[in-house]
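# Coordinates in review
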Amino acid sequence: MNMTKSSIVKSLSEVIKERHSVRKYDPNFSIPKEEIEDILKEAVLAPSSSNLQPWRFIVIQDQEEKKELKKIAFNQEQVETASAVIAILGDKEMFKSIEKVYQSAFEAGFLDETRRDLLIKSANNLYPNAPEELRKEIAIFDAGLVSMQIMLIAKDRGYDTVPMGGFNKEQFARKYNVPERYFPIILLPIGKAAAPAHKTTRLPLEDLLIEYI
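Source: prediction; values computed, not measured.

What follows covers the overall build of the protein chain. Within the protein chain, the regular secondary structure consists of nine helices and four strands. Counting from the amino terminus, helix and strand elements in the protein chain follow one another as α-α-β-α-α-β-α-α-α-β-α-β-α. A principal-axis box enclosing the C-alpha atoms of the protein chain has dimensions of 55 × 45 × 40 Å. Buried positions account for 40% of the 213 residues belonging to the protein chain. Across the protein chain, contacts joining residues at least 24 apart in sequence account for 80% of those joining residues at least 6 apart.

What follows is the structure in structure tokens.
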């Protein structure tokens, strides 16, 4: 039987087990901009604190830009050879989105007016007054959630990824004129593997499960 990619339906469990970090990519393979945007639209369905979605993205596809980014990423090959690099930034002023987030939910019919106003008031009492370091911790945590979504969605579509924390974040922010409100967290190369990923093992559950109450 001639099976196309779209006709092969995999379970979530299969996708999770097949995802591995890939560092060797086919430099001649290109993912269309539209598909990267589709992946991101699906990925941002990830949960976040108070649904404030404190993540932002910069997508680098231009070949010369990827060469420059490679220098910032300590010359790691995958930055240049992947089809694109998705930079995930955190929003440490996520409270500036409070009204927009809850008004959108109200207009969609998910909240009534009373509930909308209550959530806006509660969030405005909490987030603007929280220490910046705490807001950064929240953004980093939520960035991890959306990053994992991107990696699993990409794998389900036949692409590979590798999450990278190893890059000069200060240089990145300067090069791409990142506003003070945002800060870089993860680089996520995405593309078609040119070589199999190195398989890894995991600690047994009995080493990880501290207590079962």
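Picking up after the structure, the text goes on.
Strand order in the open sheet made by the four strands is β1-β2-β4-β3, with antiparallel pairing throughout. A strand with exactly one partner marks an edge of an open sheet, and here the two such strands are β1 (55–60) and β3 (160–161).

Another point: the side chain of Thr 161. Along the polypeptide, Thr 161 turns up in strand β3. On the basis of relative accessibility, which here comes to 2%, the residue Thr 161 falls in the buried class. Every residue in contact with Thr 161, bar those within four places of it in the chain, is listed here: His 20, Ser 21, Val 22, Tyr 25, Met 151, Ala 154, Leu 188, Pro 189 and Ile 190.

Turning our attention to unusual backbone geometry. One non-glycine residue, Asn 51, lies in positive phi territory at about 60°. Within the element layout of this structure, Asn 51 appears in the loop between α2 (33–43) and β1. Given a relative accessible area of 39%, Asn 51 falls into the partly exposed group.

An ideal rise of 1.5 Å per residue puts 20 Å on 14 residues; helix α6 (residues 113–126) measures up with 20 Å between its terminal C-alpha atoms. For α6, the full list of buried residues reads Arg 116, Leu 119, Ile 120 and Ala 123. Down the axis of α6, the sector holding all buried residues measures 100°, keeping them to one side. Exposed positions of α6 whose direction lies more than 90 degrees from the buried face are Thr 114, Lys 121 and Asn 125. In this structure, the buried side of α6 is in contact with α5 (98–107). Measuring from the side-chain oxygen of the N-cap residue of α6 to the backbone nitrogen of Thr 114 gives 3.2 Å; that N-cap residue is Asp 112.

Turning our attention to the side chain of Arg 135. Within the secondary structure layout, Arg 135 lies in helix α7 (residues 132–156). There is no salt bridge for the buried Arg 135, and the closest opposite charge comes from Glu 132, which lies 5.1 Å off by N-O distance. Within the structure, the side chain of Arg 135 is placed 3.2 Å from the backbone oxygen of Tyr 127, a separation counted as a polar contact. Those residues in contact with Arg 135 that lie beyond four places of it in its chain are Lys 92, Glu 93, Met 94, Phe 95, Tyr 127, Pro 128 and Ala 130.

This part covers the confidence of the model for the protein chain. Here the protein chain shows a mean pLDDT of 95. Residues at 70 or above account for 96%. The low-confidence segment residues 1–7, where pLDDT is below 50, has five contacts with residues more than four positions distant or belonging to other chains.

The rules we used
- What you see as residue numbers is a count from 1 along each chain, following the sequence as written.
- Note on the predicted model: pLDDT of at least 70 is required for a residue's local features to be given, and 80 or more for side-chain atom pairs to be given and counted; whole-chain, interface and lining totals, by contrast, use all residues.
- As a rule here, side-chain values cover all heavy atoms of the structure and leave hydrogens and water aside.
- Secondary structure is summarised from DSSP: a helix means a run of H or I of at least four residues, a strand means a run of E of at least two, and numbering begins at the N terminus for each.
- Burial status follows relative accessibility: with a 1.4 Å probe on protein chains alone, a residue under 20% of its type maximum counts as buried, one over 50% as exposed, and anything between as partly exposed.
- Contacts: residue pairs with any heavy atoms within 4.5 Å of one another.
- Being paired, for any two strands, means DSSP has found at least two bridges between them.
- What a helix is expected to span follows from its residue count: subtract one and scale by 1.5 Å.
- By arc we mean the arc of the directions from the helix axis to the C-beta atoms, nothing more.
- A 3.5 Å cut-off defines polar contacts: any pair of N or O atoms within that distance qualifies, except that in protein one atom must be a possible hydrogen donor and the other a possible acceptor, and neighbouring residues in sequence count only when both atoms are side-chain atoms.
- Residues scored as positive are Lys and Arg, those scored as negative are Asp and Glu, and His as well as the terminal groups of each chain are ignored.
- For this document, the term salt bridge refers to a Lys or Arg side-chain nitrogen within 4 Å of an Asp or Glu carboxyl oxygen.
- Values of pLDDT, the confidence the predictor places in each residue, fall between 0 and 100.

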